[in-house]
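Listed below, chain by chain, are the residues.
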Amino acid sequence: MARKKTLKLATFNVNGVNTRLPNLLEWLDAEKPDVVALQELKATDQAFPAQAIEKAGYGAVWQGQPSWNGVALLGRGTVPIESRRRLPGDAADTQSRYLEAAVHGIVVAAIYLPNGNPQPGPKFDYKLEWMERLARHARTLVGLPHPVALIGDFNVIPTDDDVYDPRSWRKDALIQPQSRQAYARLLGQGWTDALREVFGEERIYTFWDYFRQHAERDRGLRIDHLLLNPVLAKGLEGAGVDRWVRLREKASDHAPAWVTVSAPG
DNA sequence: ATGGCTGGCGACGCCAGA
């Protein structure tokens, strides 16, 4: 009888892939995720540390940009097969925020959704337009007969249960009704928000800002999400957040969030 | 109600993040 194999999919906003390379490599070695989406590379394509990541046992595809943004997909022991490197719907949008590839038999989209601050304003408009474009594209993926995951930094606090104190974030783009409604509409297509599914009523955060020792005091936000289409959600086994990474010296302000799923096929 | 911290850039302060 064949033993059921489990895959671990993770998303991690590294906040500078080169500045944070030691943290990233320590985490990869400790947790050994099979599929990783990275956001906020803050590096050009040329500066992406492909050799160090390959030495750690991971193949990679990436889309960099000077100073800001930047996304990558890593596969443990395999090179992801890229299927798309732009979110359709706006040829003038040059920000590196989307990358899609087949990894270990799963179609995985790495998402770095715009922050949208300050709101109101053009940056918030861009965020909402980006979410509309994401929803349009996601609609073409959710019903596919093979497993699909949208994972990344969505920059949306879905509900008041996803923030240590909603009042201190009430003017922020991440918590606005328009942002929440757009996220809810996306889920309504049939995606499973895996962390919430697994944790139920329990509080779980993925981001803690650098102020007032918020990480140590666990005053965080849940803004990094792993959305699974129905085919993949059927195999959902577990989920978690590697908070220990956030408590390291010189840490990113996000921690890696992950799911375990039964391997397709 | 506000400011507090951090990284990238490129030359000490500014922008952007969330």
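Here the structure is shown first, and the text comes after it.
Below or above, wherever it landed, is the structure these notes cover. These numbers come from a predicted model, not from an experiment.

**Thoughts on the protein's contact with DNA strand B**
And then number 1: Around DNA strand B, a shell composed of 24 residues is seen, among which T19, E40, N115, F207 and R212 lie nearest.
And then number 2: Each atom of DNA strand B within 4 Å of the protein belongs either to a base or to sugar and phosphate, the latter forming 69%.
And then number 3: A distance of 2.4 Å separates a phosphate oxygen of DNA strand B from a polar atom in the side chain of T19.
And then number 4: The contact in question runs from a base nitrogen of DNA strand B to an N or O atom on the side chain of N115, over 2.9 Å.
And then number 5: Taken together, the residues that form the surface near DNA strand B break down as eight nonpolar, seven polar and nine charged.

**Observations concerning the packing of aromatic side chains**
And then number 1: Using the criterion set out here, one finds three aromatic pairs in the structure.
And then number 2: Where F12 meets W27, the ring centres are 5.4 Å apart and the plane angle is 65°; that geometry is what we call edge-to-face. Here F12, found in strand β1 (residues 6–13), pairs with W27, found in helix α1 (residues 21–31); they are 15 residues apart in sequence, far enough to count as distant. W27 matches F12 in its accessibility class, with the two residues each being buried.
And then number 3: When the ring of F154 is compared with that of Y183, the centres are 6.0 Å apart and the planes differ by 80°; the resulting orientation is edge-to-face. A residue pair is termed long-range when its members are at least 10 positions apart, and F154 in the loop between β8 (148–153) and α4 (177–187) and Y183 in helix α4 qualify at 29 residues. Across the pair, Y183 and F154 agree in class, each one buried.
And then number 4: When the ring centre of W258 is taken as reference, the NZ or CZ atom of K8 above it lies at 4.5 Å.

**Re the layout of surface pockets**
And then number 1: In this structure, the largest pocket spans a volume of roughly 560 Å³.
And then number 2: Counting residues per element, the lining of the largest pocket draws most heavily on helix α3 (residues 122–139), which supplies three residues.
And then number 3: Residues belonging to the lining of the largest pocket are distributed by class as follows: 13 nonpolar, seven polar and seven charged.
And then number 4: Put simply, the second largest pocket is a space of about 160 Å³.
And then number 5: Lining the second largest pocket are 13 residues, with Y210, A215, E216, R246 and R248 sitting closest to its centre.
And then number 6: Of the residues that constitute the lining of the second largest pocket, the class distribution is five nonpolar, two polar and six charged.

**Regarding the sheet that holds strand β5 (residues 81–84)**
And then number 1: Read from one edge to the other, the open sheet built from six strands follows the order β5-β6-β7-β8-β10-β9, with strand pairing classed as mixed. Two strands close off the open sheet at either side, each with one partner strand: β5 and β9 (192–193).
And then number 2: When strand β7 (residues 106–112) meets β8, the two strands line up parallel, connected through six bridges. For Y112, the partnering residue across the bridge sits in β8 and is D153.
And then number 3: Running over the sheet, α3 touches β5, β6 (98–103), β7 and β8 and is turned about 25° from β6.
And then number 4: Here α4 sits on the sheet and contacts β9 and β10 (224–228); the angle it forms with β10, its principal contact strand, is near 25°.

**Regarding the packing of α3 against α4**
And then number 1: In contact at an axis separation of 10 Å, α3 and α4 are set at 5° when each is read in the N-to-C sense. Here α3 is positioned roughly parallel relative to α4, judged by the angle of their axes. Where α3 abuts α4, its residues F124, K127, L128, M131, E132, L134, A135 and A138 lie against Q178, S179, A182, Y183, R185 and L186.
And then number 2: When grouped by side-chain class, the residues that make up the contact of α3 with α4 number nine nonpolar, two polar and three charged.

**A word on α4**
And then number 1: Among the residues of α4, S179, R180, A182, Y183 and L186 are the ones counted as buried. Buried residues of α4 fall within an arc of 160° about the axis and therefore sit on the same side.
And then number 2: Elements that come into contact with the buried residues of α4 comprise α3, β9 and β10.

**Topic: α3**
And then number 1: The first and last C-alpha atoms of α3 sit 26 Å apart over 18 residues, in line with the 26 Å expected at 1.5 Å per residue.
And then number 2: Residues of α3 that are buried make contact with β5, β6, β7, β8 and α4.

**Considering unusual backbone geometry**
And then number 1: In this structure, P118 follows N117 across a cis peptide bond, with omega equal to -5°.
And then number 2: Residue position: P118 is located in the loop between β7 and α3.
And then number 3: Phi is positive for Q213, close to 55°, though the residue is something other than glycine.
And then number 4: By the element assignment, Q213 lies in the loop between α5 (194–199) and β10.
And then number 5: Here Q213 falls in the exposed class, since its relative accessible area comes to 55%.

About the criteria used
- Throughout, residues of each chain are indexed from 1 in the direction in which the sequence is written.
- Here every chain gets a letter starting at A, and every ligand a number starting at 1, in the order they are written.
- A pLDDT threshold of at least 70 governs which residues receive local features in this predicted model, and a stricter bar of 80 or more applies before side-chain atom pairs are shown or counted, although totals over entire chains, interfaces and linings include all residues.
- Side-chain figures throughout are based on the complete set of non-hydrogen atoms in the structure, without hydrogens or water.
- A single heavy atom is enough: if one lies within 4 Å of a molecule or strand, its residue is considered near that molecule or strand.
- Counted as a polar contact is a pair of N or O atoms within 3.5 Å, where, for protein atoms, one must be capable of donating a hydrogen and the other of accepting one, and residues adjacent in sequence contribute only when both atoms are in side chains.
- By the convention adopted, Pro, Cys, Tyr, Trp, Phe, Met, Ile, Leu, Val and Ala count as nonpolar, Lys, Arg, Asp and Glu as charged, and the other residues, Gly among them, as polar.
- Classification of ring pairs uses Phe, Tyr and Trp, with its six-membered ring standing for Trp, and accepts pairs whose centres are within 6.5 Å; under 30 degrees between planes counts as stacked, over 60 as edge-to-face, and the remaining range as tilted.
- Secondary structure elements are taken from DSSP: a helix is a run of H or I of four residues or more, a strand is a run of E of two residues or more, and numbering for both begins at the N terminus.
- Here's how the labels work: a residue is buried when its accessible area is under 20% of the maximum for its type, exposed when over 50%, partly exposed in between, all with a 1.4 Å probe on protein chains only.
- Only when the NZ of Lys or the CZ of Arg is both within 6 Å of the ring centre and within 35 degrees of the ring normal is a charge said to sit over the ring.
- Note on definitions: the grid is 1 Å and covers protein atoms alone; a cavity is a set of points where a 1.4 Å probe fits but cannot get out; a pocket is an open set with protein on both sides within 12 Å along at least five of seven lines; lining residues have an atom within 4 Å of a point.
- Grid points are joined across faces, edges and corners, and a volume is the space filled by probe spheres set on the points.
- Paired strands, as defined in this entry, are two strands with at least two bridges between them according to DSSP.
- Contact definition: two residues touch when any of their heavy atoms are within 4.5 Å.
- Axes here refer to lines fitted to C-alpha atoms; in helices the fit is confined to the stretch in contact. Angles between the N-to-C directions go from 0 to 180 degrees.
- Any angle between 65 and 115 degrees counts as roughly perpendicular, while under 35 counts as roughly parallel, over 145 as roughly antiparallel, and the rest as oblique.
- By definition, the arc is the one covered by directions from the helix axis to the C-beta atoms.
- Residue count minus one, scaled by 1.5 Å, sets the expected span of a helix.

In short, the description is geometric, and any link to function would need to be established separately.
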